[in-house]
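Letter by letter, the chains look like this.
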Amino acid sequence: MAGYVQQFFNGLTLGSLYALIAIGYTMVYGILRLINFAHGEIFMFAGYWMYFLVFLFRLPWWVSAVLAVAVTAAMGVLIERVAYRPLRQAPRVSLLSTAMGVSFLLGNVIIVLPWAGGRQKPFPEVDFMRKIYTLGDVRIQAVTIWVPLIAGACLLGLLFLIYRTKVGRAMRAIATDMETTALMGADINRIISYTFLVGSALAAIGGILWGCRYPQLYWNLGILPGLRSFTAAVVGGIGNILGAMIGGFILGFGEILFVAFLPRYSGFRDALIFSLLILFLLFRPTGILGKPLKEKV
Amino acid sequence: MFPIFTLPRSEADTRMSGNLRVWCNRGLTALVLAGLATFIFFGDRHKDEFSLIWRILNLGAIYAIAAVGYTVINGMTGQFSLGPHGFMLIGGYLATLLILPLAKKRFVWILEPLIEPFASFTLPYSGFILALLGSGVVAVLAGLIVGIPALRGLRGDYLAIATFGFGEILFMLVVNLPSLTNGAMGVTGVPTYTNLAWSWGFLIALAYAAMRLKNSSYGRALRAIREDELAAESMGINVFRLKLLAFLFSAFCAGVSGGLMVALIGIAYPGLFSFFTTFYLLLIVVLGGLGSISGAIVGGFIFAAVFEALRFIDTAVVPGMRMVVFAIILILVMLFFRRGLFGQGEFSWDGLIAAVQRGLGRLSGAGGGHGAGSSHLKA
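Residues numbered from 1 in each chain as written. Chains lettered and ligands numbered in written order. Predicted model: local features only at pLDDT ≥ 70, side-chain atom pairs only at ≥ 80, totals over all residues.

A. Structural detail: the overall build of chain A. Across its full length, chain A holds 12 helices and 4 strands. Its C-alpha atoms give chain A a radius of gyration of 19 Å, near enough to 19 Å, the size a compact globule of 297 residues would have. Looking at the 297 residues of chain A, the share that counts as buried comes to 51%. In chain A, the proportion of contacts linking residues at least 24 apart, taken out of those at least 6 apart, comes to 76%. (Helix = DSSP H or I, 4+ residues; strand = E, 2+ residues; numbered from the N terminus. Rg over C-alpha atoms; globule rule 2.2 N^0.38 Å. Buried ≥ 20, exposed ≤ 12 C-beta atoms within 10 Å, placed from the backbone. Contact = placed C-beta atoms within 7 Å.)

Shown next, in the form of structure tokens:
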């Protein structure tokens, strides 16, 4: 029983982390029809900003966390402005190639930076996250409670932003039909910048929480969580924010269950996740919640 | 009568000169190919004296082979695949299994014996072509497994993720199937059969095939798919089948390229072709011009040369710097120089021929008093 409770919290934690990252993918895809390959690196960079701010600038962890989220979100906006916006009318392959280039650039910049490098770095410890609560024979790390709480708050905030504010309405409008939205007088470029800002900020929060949960940093940290989260976005129905959350939790719980019950095969979990992705693409390409995308002629 | 038989005289003239230009092009190409054959013959004989250049020329051809395939699916068809490194890995390992000597096979697989039938036979040097073709065919089979589900869906960019996932799954399989691949330890002592004759021979053959594809009705259909899938479909093009065709062609090229690579460097291990390889290929085809076969070839050689030339940055300055440089080049090319070297066009001798004609015209113009421009048109 104790094992189940612990695994439940592990799944909840992992699921909320995937959900936070998946939202960035799904928002950008919903609006630009672009798989933002650099999103995983954005997530990874947040952890490194935290590392730089705490260990190089000697800032307290909470100041660093806020700054790290802000800087990473700014990075996301900058990437869109510099690398994606000029190519918005270009063929899809050009845009994807650029996204690929940005992804490789960010990953390898970490290797080149003298303060980071190719070796593994420790994530700064946040004390209140490291506590362990004991309830009978159930031992629960504080981090597995805080992560879902913070993530849940962010997700609620996001839902409010998307469905109850003017910017959110504009985002939904652009996702439905960019040209018509532009004709209605919305500033497309500004709204797309907001999208990248919000998606990157959520990924940054995810990255910092990920660091609290798994306190090692390495240059290709973003790749696998990024791809699992992308799978989550597809499973939930790409372009659908609620779907991305649901997909994230499905993937998180699934992964924890798989590793817990079949530890021998845990090396195959990514193979399994990709098989899930391909199965979904085959039989239900619109995911759980997604509506079929209409091709515009 | 049909108007086609009553062409006005001037138009018939231009057709003649067009034919002449085509034949000039073919003649010059044949001349260069003959020169290349001589060069390859002597290059392979003297490879020890120019080992670095020899190596770069081989690597360039190997990258170019994979890039020719990659530009067919990525550039010509407009479907973003991230899978070539997976196909190269498959091709490389199959070539390893086929050409590794029997003594080595017994010696390398210590933990788990190699499974049959590979444990009991090996191909001699004369069978290297079979090994390479086999690499391509196995890659095509894998391409069917990935391509059919990934290309069926309407949305093209899923191919990117599905092929990426395929590469990752393949890496895990290679690590976790020691009775076939010797696991993470890899295989050493693969006979180094690759030389310029093999790598350039396959490059010329596959590039020729790609050119034929590009100029056929299939090629035009592929370009139609790139421009507008829905419109192509409504014109009666079987979009799925043609995308699959392009994808399988690229898989074949990648498989052959992987086999050649393993036989060049003499080892096979799971990380030999990683996602980085696909990134290099992307850089090559973007640099050469998405959709241009000449561009992929030229890009392959440029990349191989620059890759070796920048090796000092990684060893002397900071490891990883080379990748940063490549990534920045890719982004800059995409942002400011999206045509690449060749755009979607191909290399031809037209420019040279026109220049020669102008030169001749100027000479005759000096002698006989004709204008240079008019003699260019007359020829």
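Further notes follow.
B. How the structure looks around the overall build of chain B. Each helix and strand in chain B was counted, giving 17 helices and 2 strands. Here chain B holds 379 residues, and the buried ones make up 44% of them. Partitioning the intrachain contacts of chain B with sequence separation of at least 6 by distance along the chain shows that 80% fall at a separation of at least 24.

C. Examining unusual backbone geometry more closely. For Arg-33 of chain A, which is not a glycine, the phi torsion comes out positive at approximately 55°. Inspection of the secondary structure assignment puts Arg-33 of chain A in the loop between helix 1 (2-32) and helix 2 (39-56). Unusually for a residue other than glycine, Asn-182 of chain B sits at a positive phi of about 60°. Looking at the element boundaries, Asn-182 of chain B is found in the loop between helix 7 (178-181) and strand 1 (187-188). Residue class for Asn-182 of chain B comes out buried when judged on the 24 C-beta atoms lying within 10 Å of it.

D. View of the interface of chain B and chain A. The interface of chain B with chain A comprises 37 residues on the first partner and 36 residues on the second. Among the secondary structure elements, those contributing two or more residues to the side of chain B that touches chain A are helix 5 (128-152), helix 6 (158-176), helix 12 (275-288) and helix 15 (321-336) of chain B. Taken together, the residues of the side of chain B that touches chain A break down into 26 nonpolar, 7 polar and 4 charged. (Nonpolar A, V, L, I, M, F, W, Y, C, P; charged D, E, K, R; others polar.)

E. Examining the nonpolar core more closely. The biggest cluster of nonpolar side chains holds 203 residues, and the ones touching the most others in it are Ala-19 of chain A together with Ile-65 and Val-68 of chain B. Those residues in contact with Val-68 of chain B, other than ones at most four positions away along the chain, are Leu-206, Ala-207, Ala-210, Cys-253, Ile-293, Ala-296 and Ile-297 of chain B. (Core = buried A, V, L, I, M, F, W, Y, C linked by C-beta atoms within 7 Å.)

F. Geometry of the packing of helix 10 (residues 223-236) of chain A against helix 12 (residues 269-283) of chain A. All names here are of chain A. Taken N-terminus to C-terminus, the directions of helix 10 and helix 12 make an angle of 30°; their axes are 10 Å apart at the nearest point. The angle between helix 10 and helix 12 places the two elements in the roughly parallel class. For the pair helix 10 and helix 12, the crossing hand works out as left-handed. Packed against helix 10, whose contacting residues are Leu-224, Arg-228, Thr-231, Val-234 and Val-235, the element helix 12 presents Asp-270, Ile-273, Leu-276, Leu-277 and Phe-280 at the interface. (Axes fitted to C-alpha atoms, helices over the stretch in contact; angles between N-to-C directions. Parallel < 35°, antiparallel > 145°, perpendicular 65-115°, else oblique. Left-handed = near helix turned anticlockwise from the far one by under 90°.)

G. Here's a closer look at the pairing of strand 2 (residues 132-135) of chain A. Residue and element names in this part refer to chain A. Here 4 bridges tie strand 2 to strand 3 (residues 138-141), and the two strands are oriented antiparallel to one another. What sits directly across from Leu-135, in strand 3, is Val-138. Taking the residues between adjacent antiparallel strands as the criterion, strand 2 and strand 3 are bridged by 2 residues, where Gly-136 takes a positive phi near 65°. (Pairing = 2+ DSSP bridges.)

H. Spatial organisation of the environment of Ile-145 of chain A. Residue and element names in this part refer to chain A. Counting through the fold element by element, Ile-145 comes out in helix 6 (residues 143-164). Overall, Ile-145 belongs to the partly exposed group, with 16 C-beta atoms counted inside 10 Å. As a C-alpha pair, Ile-145 and Asp-187 span 42 residues in sequence and 40 Å in three-dimensional space. If we ignore the near neighbours within four places in the chain, the residues touching Ile-145 are Phe-9 and Ile-140.

I. Region of the structure containing the packing of helix 3 (residues 61-84) of chain A against helix 4 (residues 92-112) of chain A. All names here are of chain A. Interaxial distance between helix 3 and helix 4 falls to 11 Å at its minimum, and their mutual angle equals 130°. As summarised for this structure, helix 3 and helix 4 are arranged oblique, according to the angle between their axes. Crossing geometry of helix 3 relative to helix 4 is assigned as right-handed. Residues Ile-79, Ala-83 and Tyr-84 of helix 3 form the contact with helix 4, whose participating residues are Leu-95, Thr-98 and Val-102.

J. Highlighting helix 9 (residues 188-213) of chain A. If you check helix 9 of chain A, its first and last C-alpha atoms are 37 Å apart, about what 26 residues at 1.5 Å a residue would give, namely 38 Å. Within helix 9 of chain A, 19 of the 26 residues are buried, which leaves it mostly tucked inside the rest of the structure. (Expected span 1.5 Å × (residues − 1).)

K. Structural view of the environment of Glu-227 of chain B. Mapped onto the secondary structure, Glu-227 of chain B falls in helix 9 (residues 217-227). As for Glu-227 of chain B and Met-76 of chain B, which are separated by 151 residues in sequence, their C-alpha atoms are 9.6 Å apart.

L. View of the environment of Leu-17 of chain A. Residue and element names in this part refer to chain A. Tracing the backbone shows Leu-17 in helix 1. Note: C-alpha distance between Leu-17 and Leu-289 (272 residues apart in sequence) is 20 Å. If we skip the residues at most four places from it in the chain, Leu-17 touches Val-147, Ala-151, Gly-206, Leu-209 and Trp-210.

M. Up close: the confidence of the model for chain B. All names here are of chain B. Across chain B, pLDDT averages 85, with 91% of residues at or above 70. The least confident element of chain B, judged by mean pLDDT, is helix 17 (residues 372-378) at 38; the most confident is helix 11 (residues 239-265) at 95. Residue range residues 1-15 is modelled with pLDDT below 50. Its contacts to residues more than four positions away, or to other chains, number 2 contacts. Note that residues 368-379 has pLDDT below 50 and, in this model, 16 contacts with residues that lie over four places away or in other chains. The complex prediction reports pTM at 0.88, with the ipTM value standing at 0.89. (pLDDT = per-residue confidence, 0-100.)

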